[in-house]
Amino acid sequence: MTRAPSSDTQNPLFATWTGSFELPPFARIEPGHFRPAFDRALAAHRAEINAIAADVAVPGFDNTIGALEKSGHELERVANVFFLLTGANTSDEIEAIERDVSPLLARHSNALYLNRALYARIDDLYKRRDTLGLNAERARVLERYHTRFVRAGAALEKAAQERLAAINERLASLGTQFGQNVLADEKSFALMLEESDLGGLPDFARAAARAAAEERGQPGKYAITLARSSVETFLQFSSRRDLREKIFKAWIRRGENGGITDNRALIGEMVALRAERAKLLGFASFADYRLDDQMAKTPAAARGLLDEVWGRARAKAAAERDALHALVAEEGGNFALAPHDWRYYAEKLRKSKFDLDEAEIKRYFQLDKMIEAAFETARRLFGLTFAPVAVPLYHPDARAWEVTDEQGRHIALFIGDYFARSSKHSGAWMTSLRDQQKLSGDVRPIVLTVCNFSKPAAGEPALLSFDDARTLFHEFGHALHGMLSNVTYPLLAGTAVPSDFVELPSQLYEHWLEVPEILKQYARHARTGQPMPKALLDRLLATRTFNQGFATVEYTACALVDLDLHSLPDSAALDVTEFERMDLERIAMPAEIVMRHRLPHFQHLFSGGGYAAGYYSYMWSEVLDADAFAAFEETGDAFDPVTAKRLRDFVYSAGNLREPAKAYEAFRGRLPTVDALLKKRGLADIGADGHS
Ligand SMILES: [Zn+2]
């Protein structure tokens, strides 16, 4: 239990943080401090907004847009700490506060974006924008404010605004509940095993399962949890078909178990509310509304890309399935390949075809070495240096580095929080405690990446799969987008770009993990310290397109179902299970593959909604990243300094200074084509209709 603080002076969230790097004093922050801090910060921001709206002076850029950009500082500070904890280190107490606070924040955002007096000032400025003498950045900020307000409903009639406000509040509560339900299902399930159940599991998987059982208070046993790295490893290696089926079912049924954590009714309500909101704002569907302000612009454009890939991916997956079937038959297995068999037989096939097994590879991917590899890549591309610093953080597993440039100037503080634990939401993400800006002094960012890698037993090195290493590079790419940000206005900083562009810096960064000189230097054997033998390295790189039919189908199905769901004009009484089944039938989903995220636990779409009607973004960005990396390949140098400088200027440091398409063109000299993506996924030789 935590007592509410007795006075403001005891609440560290009210104080100015003067410790190292002005980090929040995590050790002194208790859950009970958040609600009073939110209340005070919300009131302060409200007062600032009202003062701007009520200003009797003629609207100018500084007294309206500039003033808005300087407002809400305290709220952002409190919210950044709070939402870091809700994602990475939550508790029943934090979750209860989150349920209280999320509708308050939605109400607050309504009060800002539906403020008519404030909108009148912005609209007035926007109409006079060509006469204001604004530089490019200020013009962009004004345009973004105007678009945001219009898209939020600022120009609508009062009755419509009131309905929008109610919808937003309800959506905020539902989104919070959705994420908490998934976490609850993940926390409450663990497959507890005995030594004799571990057939097929390599040492690293046994060690991770032992550590997971220990964390759950059952030392001596082995726990397979629903964290992706735990369950996927088990599915890949366990020779026990019955246990694979058991864990797989629990995994794909998160959010669909009946009872209070079942998410299906929530989804129905959310989709209906989103469709209604889109209609109020003049759009045919939520997908139309959402994509209007993305790089893709229309659902048809996003679908066009997915269709380009889907037929090819299905054809490749069908060939892969046949090869796995053959392997089952060869082993005398008298059953049809099921979804819980795919990873197991794919791993076997990979091992025999490429003489490569995951357990062997993993010994070369030590977490600490991969962190160094990501840092070294940033040094060679952007001249950054990373020095570990001992600072108190919110969990002992989190680590910090100070980032400096060639001149030794402070660029950012980077925090990495890598291991799975039951207080952490699944997945991997980048977030920040402070964003870059130059409007209120030279503010440098504090950026975090949060991952869910299996924690090793005490004294053992943390080992990653090649996929885990790719995730590490991915999130670090997002982190660089935050850390290298070089804009004046907070609105445009770092990752504040459309979601179909935001995956460019992250997915592009993954390419450097596969650059041979990086692997040679950092893929070193955990025990001997020897670099990966060249033959093994070559074989590893040769497997890049192996099983890509599966991976592409698993992903693309999610993106298509997401677009279809959010294109429904009216979804009252939606039966989520039935919708998912029918839609997968419509797109002819292969029976042996399950969506990477089924709707009842699809947090990208429903836990906050950042990727609702936007899951296609990863592939949209992949068109960009594959094409962008080709720019380096064309020079013959993966670290070509001229290309790296353009990349930094127009992508990593540019935030939302330009329209995404213009930013990309400025970097590449042209818009991208889909060719590099098809090649990367091994789909280039297959026609769009699925025929070779
Ligand atoms: Zn990402």
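Read on for an overview of the structure. Because the structure is a prediction, the values reported are computed rather than measured. Position labels on residues start from 1 in each chain and follow its written sequence. Local features are withheld for residues below a pLDDT of 70 in this predicted model, meaning they are given only at 70 or higher, and side-chain atom pairs are given and counted only at 80 or more; totals for whole chains, interfaces and linings count all residues. In computing side-chain values, all of the structure's heavy atoms are included and hydrogens and water are not.

### Focus: the overall build of the chain
Then, in step 1: Here a helix means four or more residues in a row that DSSP labels H or I, a strand means two or more in a row labelled E, and each is numbered from the N terminus. Looking only at helices and strands, one finds 27 helices and seven strands in the chain.
Then, in step 2: The atom set for the radius of gyration is the C-alpha atoms, and the globule formula is 2.2 Å times the number of residues raised to the power 0.38. Here the chain has a C-alpha radius of gyration of 25 Å; the compact-globule value for 692 residues is 26 Å, and the two agree.
Then, in step 3: C-alpha extents for the chain along the principal axes are approximately 85 × 60 × 55 Å.
Then, in step 4: Scored against the burial criterion, the 692 residues of the chain give a buried share of 58%.
Then, in step 5: The contact definition used throughout considers only heavy atoms, calling two residues in contact when any of these lie within 4.5 Å. Relative to all contacts within the chain whose residues are 6 or more apart in sequence, the contacts with residues 24 or more apart total 75%.
Then, in step 6: Residue exposure ignores everything except the shown protein chains as possible cover, and the areas themselves are Shrake-Rupley values with a 1.4 Å probe. Total accessible area computed for the chain in this model is approximately 27600 Å², and 51% of it derives from carbon and sulfur atoms.
Then, in step 7: Charged side chains of the chain number 85 positive and 96 negative; the gap between the two group centres comes to 1 Å. Burial classes: relative accessible area under 20% of the type maximum marks a residue as buried, over 50% as exposed, and values in between as partly exposed (1.4 Å probe, protein chains only). Counted as positive: Lys and Arg. Counted as negative: Asp and Glu, with His and the chain ends omitted from the count. Every charge is mapped onto a representative atom, which is NZ of Lys, CZ of Arg, CG of Asp or CD of Glu.

### As for the coordination of the zinc ion
Then, in step 1: Here a donor is an N, O or S atom found within 2.8 Å of the metal, or within 3.2 Å if the metal is Na, K or Ca; sites may look incomplete because water is not among the atoms. Bound to the zinc ion are the protein donor atoms His474 (NE2), His478 (NE2) and Glu503 (OE), situated 2.1 Å from the metal.
Then, in step 2: Mapping the donors of the zinc ion onto the primary sequence yields the spacing H-x3-H-x24-E. Of this pair, histidine 474 sits in helix α17 (residues 466-483) while glutamate 503 sits in helix α18 (residues 499-513), placing them 29 residues apart in sequence.

### So, the nonpolar core
Then, in step 1: Core analysis: the biggest nonpolar cluster contains 145 residues, and Phe365, Phe476 and Trp512 have the highest contact counts within it.
Then, in step 2: What tryptophan 512 contacts, discounting residues up to four positions off in sequence, is Thr377, Leu381, Phe473, Ile518, Phe629, Phe632, Ala638, Phe639 and Leu647. We define the nonpolar core as a collection of buried residues of types Ala, Val, Leu, Ile, Met, Phe, Trp, Tyr and Cys that are connected through side-chain atoms lying within 4.5 Å of one another.

### Describing the sheet that holds strand β4 (residues 398-404)
Then, in step 1: Here, strands pair whenever DSSP counts at least two bridges between them. An order of β3-β4-β5-β7-β6 is seen for the five strands of this open sheet, with the pairing classed as mixed. Every interior strand has two partners, whereas the edge strands, β3 (385-389) and β6 (429-434), have only one. Taking the axes of each pair of neighbouring strands and ignoring which way they run, one obtains an average angle of 30° across the sheet.
Then, in step 2: An axis is simply a line fitted to the C-alpha atoms; with a helix, the fit covers only the stretch in contact. Between two such axes, the angle follows the N-to-C directions and lies from 0 to 180 degrees. Against the sheet, helix α3 (residues 73-88) makes contact with β5 (410-419), β6 and β7 (446-453), and its axis sits at roughly 150° relative to β6, the strand it touches most.

### Side note on the packing of aromatic side chains
Then, in step 1: Any Phe, Tyr or Trp ring, taking Trp's six-membered ring, that has another such ring centre within 6.5 Å forms a pair; planes under 30 degrees apart are called stacked, those over 60 apart edge-to-face, and the others tilted. The final tally for this structure, using the stated rule, is 39 aromatic pairs.
Then, in step 2: Taken together, a centroid distance of 5.7 Å and an interplanar angle of 85° make the contact between phenylalanine 61 and tyrosine 489 edge-to-face. Note that phenylalanine 61 is positioned in helix α2 (residues 61-70) and tyrosine 489 in the loop between α17 and α18, a separation of 428 residues in sequence.
Then, in step 3: Joined through ring pairs, the aromatic side chains of Phe375, Phe386, Trp401, Phe414, Phe473, Phe476, Tyr509, Trp512, Phe629 and Phe632 make up one cluster.
Then, in step 4: We note arginine 274 situated over the ring of phenylalanine 286; from NZ or CZ to the ring centre the distance is 5.6 Å. Consider the ring centre and the ring normal. A charge sits over the ring if Lys NZ or Arg CZ is within 6 Å of that centre and within 35 degrees of that normal.

### Looking at the packing of helix α1 (residues 34-53) against helix α5 (residues 116-127)
Then, in step 1: In the contact formed by α1 and α5, the axes pass within 8 Å of each other and the chain directions differ by 55°. It follows that α1 is oblique to α5 by the angle criterion. As α1 runs across α5, the sense of the crossing is left-handed. Along the contact surface, α1 presents Ile49, Ile52 and Ala53, while α5 presents Ala117, Leu118 and Arg121. Put simply, angles under 35 degrees are roughly parallel, angles over 145 are roughly antiparallel, angles from 65 to 115 are roughly perpendicular, and the rest are oblique. Take the far helix as the reference: if the near one is turned anticlockwise from it by less than a right angle, the crossing is left-handed, and if turned clockwise, right-handed.

### Concerning helix α6 (residues 136-152)
Then, in step 1: When the terminal C-alpha atoms of α6 are compared, their 24 Å separation across 17 residues agrees well with the 24 Å that a helix rising 1.5 Å per residue should span.
Then, in step 2: Every buried residue of α6 is listed here: Glu137, Arg140, Val141, Leu142, Arg144, Tyr145, His146, Thr147, Phe149 and Arg151.
Then, in step 3: In this fold, the buried residues of α6 make contact with α2, α4 (92-113), α5 and α12 (286-292).
Then, in step 4: With its phi angle positive at about 105°, glycine 153 sits one or two positions after the end of α6. Helices are assigned an expected span. That span is 1.5 Å times one less than the residue count.

### Examining the side chain of glutamate 137
Then, in step 1: The residue glutamate 137 is located in helix α6 in this model.
Then, in step 2: Salt bridges are defined as contacts in which a side-chain nitrogen from Lys or Arg sits within 4 Å of a carboxyl oxygen from Asp or Glu. Look at glutamate 137: it is buried, it has no salt bridge, and the nearest opposite charge is lysine 438 at 6.7 Å.
Then, in step 3: Engagement of the side chain of glutamate 137 in a polar contact is seen with the backbone nitrogen of threonine 488, the distance being 2.8 Å.
Then, in step 4: For glutamate 137, the contacting residues outside a window of four places in its chain are Val487, Thr488, Tyr489, Leu492 and Leu657. Identification of polar contacts relies on pairs of N or O atoms within 3.5 Å, with a donor-acceptor requirement for protein atoms, meaning one able to donate a hydrogen and the other able to accept it, and with residues adjacent in sequence counted only if both atoms are side-chain atoms.

### A word on the packing of helix α13 (residues 299-330) against helix α21 (residues 548-565)
Then, in step 1: The geometry of α13 relative to α21 is characterised by a closest axis approach of 8 Å and an angle of 145° between their N-to-C directions. Of the two elements, α13 crosses α21, and the hand of that crossing is left-handed. Counting all contacts with α13, which are made through Pro299, Ala302, Arg303, Leu306, Asp307, Val309, Trp310, Ala313, Arg314, Lys316, Ala317 and Glu320, the residues of α21 involved are Gln548, Gly549, Phe550, Thr552, Val553, Thr556, Ala557, Ala559, Leu560, Leu563 and Asp564.
Then, in step 2: Asp, Glu, Lys and Arg are counted as charged, while Ala, Val, Leu, Ile, Met, Phe, Trp, Tyr, Cys and Pro are counted as nonpolar; the rest, among them Gly, fall into the polar class. Tallied by class, residues from the contact of α13 with α21 come to 13 nonpolar, four polar and six charged.

### Re the side chain of aspartate 500
Then, in step 1: With respect to the helices and strands, aspartate 500 occurs in helix α18.
Then, in step 2: Look past the residues within four positions of aspartate 500 in its chain and what remains in contact with it is Gln294, Met295, Ala296, Tyr616, Ser617, Trp620, Ser621 and Leu624.

### Brief notes about the pairing of β4
Then, in step 1: Across the seven residues of β4, five count as buried, placing the element largely inside the fold.
Then, in step 2: Pairing geometry for β4 and β5, over seven bridges, is antiparallel. Looking across to β5, one finds that glutamate 402 is bridged to leucine 413.
Then, in step 3: Joining the antiparallel neighbours β4 and β5 is a turn of five residues, in which glycine 408 adopts a positive phi near 80°.

### What about the pairing of β7?
Along any regular strand, the residues point their side chains to alternate faces of the sheet.
Then, in step 1: Among the eight residues that make up β7, eight are buried, leaving the element largely enclosed by the rest of the structure.
Then, in step 2: Across the two faces of β7 the burial is the same, with Ile446, Leu448, Val450 and Asn452 and Val447, Thr449, Cys451 and Phe453 all buried.
Then, in step 3: Across six bridges, β5 lies against β7 in parallel orientation. What sits directly across from isoleucine 415, in β7, is leucine 448.
Then, in step 4: Pairing of β6 with β7, which is carried by five bridges, proceeds in the antiparallel orientation. Looking across to β7, one finds that serine 432 is bridged to valine 447.

### Notes on the pattern of salt bridges
Then, in step 1: Taken as a whole, this structure holds 65 salt bridges when the rule is applied.
Then, in step 2: Measuring nitrogen to oxygen at the nearest pair gives 2.7 Å for the salt bridge that ties aspartate 293 to arginine 144. A residue pair is termed long-range when its members are at least 10 positions apart, and aspartate 293 in the loop between α12 and α13 and arginine 144 in helix α6 qualify at 149 residues.
Then, in step 3: On the accessibility criterion, aspartate 293 (22% relative accessible area) is partly exposed.
Then, in step 4: A salt bridge links aspartate 649 to lysine 645; its shortest N-O distance comes to 2.6 Å. In this pair, aspartate 649 and lysine 645 both sit in helix α25 (residues 641-652), four residues apart, roughly one turn of the helix.
Then, in step 5: One network of salt bridges, with partners in common, ties together Arg140, Glu143, Arg144, Arg151, Asp293, Lys297 and Glu659.

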